[in-house]
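Remarks on the overall topology
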Amino acid sequence: SQKIEQNSEALNIQEGKTATLTCNYTNYSPAYLQWYRQDPGRGPVFLLLIRENEKEKRKERLKVTFDTTLKQSLFHITASQPADSATYLCALDLYNQGGKLIFGQGTELSVKP
Amino acid sequence: ETGVTQSPTHLIKTRGQQVTLRCSSQSGHNTVSWYQQALGQGPQFIFQYYREEENGRGNFPPRFSGLQFPNYSSELNVNALELDDSALYLCASSPTLNTEAFFGQGTRLTVV
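For the structure given in this document, a descriptive report is provided here. By convention here, each chain's residues receive numbers from 1 onward along its written sequence. Starting at A for chains and at 1 for ligands, labels are handed out in the order in which the entities are written. Only residues with pLDDT of at least 70 get local features here, since the model is predicted, and only at 80 or more are side-chain atom pairs given and counted; chain-wide, interface and lining totals rely on the full set of residues. Based on all heavy atoms of the structure, the side-chain values leave hydrogens and waters out of the count.

1. Examining the overall build of chain B
Helix numbers and strand numbers start at the N terminus; a helix is a DSSP run of H or I with at least 4 residues, a strand a run of E with at least 2. Across its full length, chain B holds 0 helices and 11 strands. What you see in chain B, going N to C, is helices and strands ordered as β-β-β-β-β-β-β-β-β-β-β. A compact globule built from 112 residues would reach a C-alpha radius of gyration of about 13 Å, and chain B, at 13 Å, matches this within 12%. With the C-alpha coordinates of chain B rotated into their principal frame, the extents come out at 35 × 30 × 25 Å. We call two residues contacting when some pair of their heavy atoms lies within 4.5 Å. For chain B, contacts bridging at least 24 residues in sequence account for 54% of all contacts bridging at least 6. The Shrake-Rupley method, run with a 1.4 Å probe, gives the accessible areas here. Residue values count only the displayed protein chains as cover. Entry remark: accessible area of chain B is about 5,300 Å², with carbon and sulfur atoms responsible for 48%. Positive charges come from Lys and Arg, negative ones from Asp and Glu, while His and the chain ends are left out of the count. By convention, the charge on Lys lies at NZ, on Arg at CZ, on Asp at CG and on Glu at CD. Chain B carries 7 positive and 9 negative side-chain charges, and their two centres are separated by 7 Å. The size measure is the radius of gyration over C-alpha atoms, and the globule rule it meets is 2.2 Å times the number of residues to the 0.38 power.

2. Some details on the sheet that holds strand S7 (residues 62–67) of chain A
All names here are of chain A. For two strands to count as paired, DSSP must find a minimum of two bridges between them. With antiparallel pairing, 5 strands are arranged side by side in an open sheet as S1-S3-S8-S7-S6. Each edge of the open sheet is held by one strand with a lone partner, namely strand S1 (3–6) and strand S6 (56–59). Put simply, the sheet's adjacent strands are angled 15° from each other on average, direction ignored. Pairing of strand S3 (residues 19–26) with strand S8 (residues 72–77), which is carried by 6 bridges, proceeds in the antiparallel orientation. Opposite Thr22, over in S8, you have Leu74 as the bridge partner. Note on geometry: axes are C-alpha line fits, over the in-contact stretch for helices, and angles between N-to-C directions span 0 to 180 degrees.

3. Considering the pattern of salt bridges
Residues and elements named next belong to chain B. Any Lys or Arg side-chain nitrogen located within 4 Å of an Asp or Glu carboxyl oxygen qualifies as a salt bridge. The tally for this structure, following the rule as stated, stands at 9 salt bridges over all chains. Two residues, Glu54 and Arg57, come together in a salt bridge whose shortest N-O distance is 3.6 Å. Overlapping salt bridges, with partners in common, bring together Arg63, Glu82 and Asp85 in one network.

4. Topic: the nonpolar core
Put simply, a nonpolar core is a bunch of buried Ala, Val, Leu, Ile, Met, Phe, Trp, Tyr and Cys residues held in one set by side-chain atoms that sit within 4.5 Å of each other. Relative accessibility under 20% of the residue-type maximum defines a buried residue, over 50% an exposed one, and the middle range a partly exposed one, all with a 1.4 Å probe and only protein chains included. Residues Leu33(A), Trp35(A), Phe75(A), Tyr88(A) and Leu92(A) are the most contacted members of the largest nonpolar core, which totals 25 residues. Those elements giving two or more residues to this core turn out to be S3, strand S4 (30–38), strand S5 (45–51), S7, S8, strand S9 (86–94) and strand S11 (107–112) of chain A. The biggest single contributor to this core is S9(A), with 5 residues. With 19 residues, the next largest nonpolar core counts Val32(B), Trp34(B), Phe47(B) and Phe64(B) among its residues.

5. Re the sheet that holds strand S8 (residues 73–78) of chain B
Residue and element names in this part refer to chain B. Strand order in this open sheet of 4 strands is S1-S3-S8-S7, and the pairing throughout is antiparallel. Edge positions in the sheet fall to strand S1 (5–7) and strand S7 (64–68), since each of these pairs with one other strand and no more. Mean inter-strand twist for the sheet, computed between neighbouring axes without regard to direction, equals 20°. Two elements, S7 and S8, share 5 bridges in a ladder whose sense is antiparallel.

6. Things to note about the interface of chain A and chain B
The partner chain B presents 19 residues to the 20 residues of chain A that form the contact. When the two sides are added together, the surface that chain A and chain B hide from each other amounts to roughly 1,500 Å², 53% of it contributed by carbon and sulfur. Our enumeration of links across chain A and chain B arrives at 0 salt bridges. Those elements that place two or more of their residues in the side of chain A that touches chain B are S4, S5, S9 and strand S10 (101–103) of chain A. The dominant element in the side of chain A that touches chain B, judged by the number of residues it contributes, is S4(A), at 4 residues. Residue classes follow a fixed rule: Ala, Val, Leu, Ile, Met, Phe, Trp, Tyr, Cys and Pro count as nonpolar, while Asp, Glu, Lys and Arg count as charged, and any other residue, Gly among them, counts as polar. A per-class count over the side of chain A that touches chain B returns 9 nonpolar, 8 polar and 3 charged. Buried area counts how much accessible surface, traced with a 1.4 Å probe, disappears from two parts once they are put together, with both parts' losses summed.

7. Looking at the packing of aromatic side chains
Between the rings of Phe, Tyr and Trp (Trp by its six-membered ring), a pair exists once the centres lie within 6.5 Å; its type follows the angle of the planes, with under 30 degrees stacked, over 60 edge-to-face, and the other angles tilted. The full count for this structure, using the stated rule, is 12 aromatic pairs over all chains. Ring centres of Tyr36(A) and Phe46(A) lie 5.7 Å apart, and the angle between their planes is 70°; this geometry places the pair in the edge-to-face category. With Tyr36(A) in strand S4 and Phe46(A) in strand S5, the pair connects residues that are 10 residues apart, well separated along the chain. Ring geometry for Phe60(B) and Phe64(B): centres 5.1 Å apart, planes at 65°, overall edge-to-face. For the pair formed by Phe60(B) and Phe64(B), the shared burial category is buried. Three or more aromatic residues link up through ring pairs in this structure, and these residues are Tyr36(A), Phe46(A), Phe103(A), Tyr35(B), Phe45(B) and Phe103(B).

Structure follows, in structure tokens:
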């Protein structure tokens, strides 16, 4: 069956450390993979998009990797800050699906001062 | 701010009733998608409209229907509400297909 899974446990880290979040999928062939941030009671906010032929993408303190062989994406936040505390969602964007996004359940990140 | 606004922000309806949720997309965004998000879960795709035509549908029954209008606004209609329809409903627009999505703040629907 098709599945997309993120770290089920909440991630608690100390300010200044690197947070690494995992997104694994099975029986999908995504053209793109996207990462979003969601704060409580708000809509998701786009962070990064990586294409299937890209191994890595960076934006300021954020880095995403995409391994289509392992069917895994890793999302890193370096020099984390308490303001980075939120739920992070990965989403698959499939070929010929017109931009329908398939979301994981999200990982809650808490950065302590 | 994403430039996508949804109304109302909160709504309480009774089981069996009908509800219409509204979304105003960014100007120039031809694609609008609707998602349902239960508490503690990721958003689930309901359907997408591209240039006012339905362009894909998720695993939701026909009592979930939608419309997209030429002025970049759209609607999600749900008939015969059930308790399990209680969720955050999100609207997302994109300038074209297969690009980043801009989400609204959502409508929290509670069915009692």
